[in-house]
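Remarks on the overall topology
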Amino acid sequence: MKITEELVSRTARLARLDLPEGEAGPITAELERILQYMDQLAELDTTGAAWSGGALTNVLRPDEAAPSLDRAALLAGAPEADGTCFLAPRAVE
(Lines give C-alpha, C1' and ligand atoms only; values in the text may rest on other atoms or scores of the structure.)
Protein backbone atom coordinates (compact mmCIF):
# COMPACT_ATOMS: atom_id res chain seq x y z
CA MET A 1 0.00 0.00 0.00
CA LYS A 2 1.38 3.37 -0.96
CA ILE A 3 1.05 6.07 1.70
CA THR A 4 0.42 9.51 0.25
CA GLU A 5 0.07 12.93 1.84
CA GLU A 6 -3.55 12.93 0.69
CA LEU A 7 -4.16 9.64 2.53
CA VAL A 8 -2.50 10.97 5.69
CA SER A 9 -4.54 14.18 5.57
CA ARG A 10 -7.78 12.29 4.92
CA THR A 11 -7.09 9.83 7.75
CA ALA A 12 -6.30 12.70 10.12
CA ARG A 13 -9.55 14.40 9.14
CA LEU A 14 -11.56 11.20 9.68
CA ALA A 15 -9.90 10.71 13.07
CA ARG A 16 -10.63 14.36 13.89
CA LEU A 17 -6.94 15.06 14.43
CA ASP A 18 -5.62 18.57 13.97
CA LEU A 19 -2.74 18.04 11.54
CA PRO A 20 -0.66 21.24 11.39
CA GLU A 21 0.22 22.60 7.96
CA GLY A 22 3.36 20.93 6.62
CA GLU A 23 3.17 17.87 8.92
CA ALA A 24 1.65 15.54 6.35
CA GLY A 25 4.97 15.16 4.50
CA PRO A 26 7.09 13.98 7.45
CA ILE A 27 4.30 11.72 8.71
CA THR A 28 3.92 10.21 5.23
CA ALA A 29 7.66 9.45 5.09
CA GLU A 30 7.62 7.90 8.57
CA LEU A 31 4.63 5.69 7.76
CA GLU A 32 6.34 4.57 4.53
CA ARG A 33 9.43 3.52 6.51
CA ILE A 34 7.25 1.59 8.96
CA LEU A 35 5.48 -0.25 6.14
CA GLN A 36 8.81 -1.06 4.43
CA TYR A 37 10.05 -2.58 7.68
CA MET A 38 6.84 -4.61 8.02
CA ASP A 39 7.39 -5.90 4.47
CA GLN A 40 10.90 -7.01 5.47
CA LEU A 41 9.51 -8.85 8.49
CA ALA A 42 6.90 -10.56 6.32
CA GLU A 43 9.70 -11.99 4.14
CA LEU A 44 11.34 -13.81 7.07
CA ASP A 45 11.03 -17.58 7.08
CA THR A 46 9.69 -18.47 10.51
CA THR A 47 9.09 -22.13 9.75
CA GLY A 48 10.10 -24.16 12.77
CA ALA A 49 10.72 -21.11 14.94
CA ALA A 50 9.69 -21.56 18.54
CA TRP A 51 7.16 -19.13 19.92
CA SER A 52 8.72 -17.19 22.80
CA GLY A 53 5.47 -15.93 24.29
CA GLY A 54 5.28 -18.65 26.92
CA ALA A 55 2.75 -21.40 27.44
CA LEU A 56 -0.87 -20.76 26.63
CA THR A 57 -2.67 -21.41 29.87
CA ASN A 58 -5.95 -20.24 31.27
CA VAL A 59 -5.14 -17.99 34.21
CA LEU A 60 -8.77 -17.40 35.14
CA ARG A 61 -10.42 -19.31 37.92
CA PRO A 62 -13.23 -21.70 37.05
CA ASP A 63 -16.78 -20.46 37.47
CA GLU A 64 -18.38 -21.68 40.67
CA ALA A 65 -21.83 -21.00 42.04
CA ALA A 66 -21.74 -18.96 45.23
CA PRO A 67 -24.40 -17.33 47.38
CA SER A 68 -25.16 -13.66 46.77
CA LEU A 69 -23.98 -10.99 49.16
CA ASP A 70 -26.41 -9.70 51.76
CA ARG A 71 -28.35 -6.75 50.29
CA ALA A 72 -28.76 -4.97 53.65
CA ALA A 73 -25.00 -5.18 54.33
CA LEU A 74 -24.20 -3.78 50.89
CA LEU A 75 -26.69 -0.93 51.18
CA ALA A 76 -25.45 -0.05 54.68
CA GLY A 77 -22.38 1.61 53.18
CA ALA A 78 -24.29 3.58 50.57
CA PRO A 79 -24.54 7.36 50.97
CA GLU A 80 -28.22 7.09 50.03
CA ALA A 81 -30.44 4.04 49.51
CA ASP A 82 -34.14 3.21 49.49
CA GLY A 83 -33.85 -0.21 51.09
CA THR A 84 -33.49 -2.13 47.83
CA CYS A 85 -31.28 0.04 45.59
CA PHE A 86 -28.55 2.65 45.68
CA LEU A 87 -29.86 6.15 45.05
CA ALA A 88 -27.85 8.62 42.99
CA PRO A 89 -28.49 12.22 42.07
CA ARG A 90 -30.05 12.83 38.67
CA ALA A 91 -27.31 13.46 36.11
CA VAL A 92 -29.51 14.38 33.13
CA GLU A 93 -32.63 16.46 33.32
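Residues numbered from 1 in each chain as written. Predicted model: local features only at pLDDT ≥ 70, side-chain atom pairs only at ≥ 80, totals over all residues. Heavy atoms only, no water.

**A closer look at the side chain of E32**
Under the convention used in this document: A run of H or I in DSSP becomes a helix once it reaches four residues, and a run of E becomes a strand once it reaches two; helices and strands are each numbered from the N terminus. The rule is simple: take the accessible area with a 1.4 Å probe, protein chains only, and divide by the maximum for that residue type; under 20% is buried, over 50% is exposed, in between is partly exposed. Charge convention: Lys and Arg are scored as positive, Asp and Glu as negative, and His as well as the terminal groups of each chain are ignored. Here, a salt bridge means any side-chain nitrogen of Lys or Arg that lies within 4 Å of a carboxyl oxygen of Asp or Glu. Each polar contact in these results corresponds to two N or O atoms within 3.5 Å; when the atoms are within protein, one needs to be able to donate a hydrogen and the other to accept it, and residues that are neighboring in sequence are counted only if both atoms are side-chain atoms. The contact criterion used is simple: two residues touch if any of their non-hydrogen atoms lie within 4.5 Å.
By secondary structure assignment, the location of E32 is in helix α2 (residues 24–43). Here E32 sits buried without a salt bridge, and the closest side chain of opposite charge, K2, lies 4.2 Å off (N-O distance). Within the structure, E32 has its side chain in polar contact with the backbone nitrogen of I3 (distance 2.6 Å). Discounting chain neighbours no more than four positions away, the residues touching E32 are M1, K2 and I3.

**Here's the deal with the side chain of T28**
Tracing the backbone shows T28 in helix α2. T28 gets classed as buried once you look at its relative accessible area, which sits at 8%. A distance of 2.6 Å separates a polar atom in the side chain of T28 from the backbone oxygen of A24. Residue contacts for T28: discarding those within four places in its chain leaves I3, T4, E5 and V8.

**Structural notes on the environment of A42**
Inspection of the secondary structure assignment puts A42 in helix α2. With relative accessibility at 65%, the residue A42 sits in the exposed group. C-alpha of A42 to C-alpha of T4: the two residues are 38 residues apart in sequence and 22 Å apart in space.

**Notes on the environment of I27**
Inspection of the secondary structure assignment puts I27 in helix α2. Spatially, the C-alpha atoms of I27 and A66 are 54 Å apart, while their sequence positions differ by 39 residues. For I27, the residues in contact, after removing those within four places along its chain, are V8 and L19.

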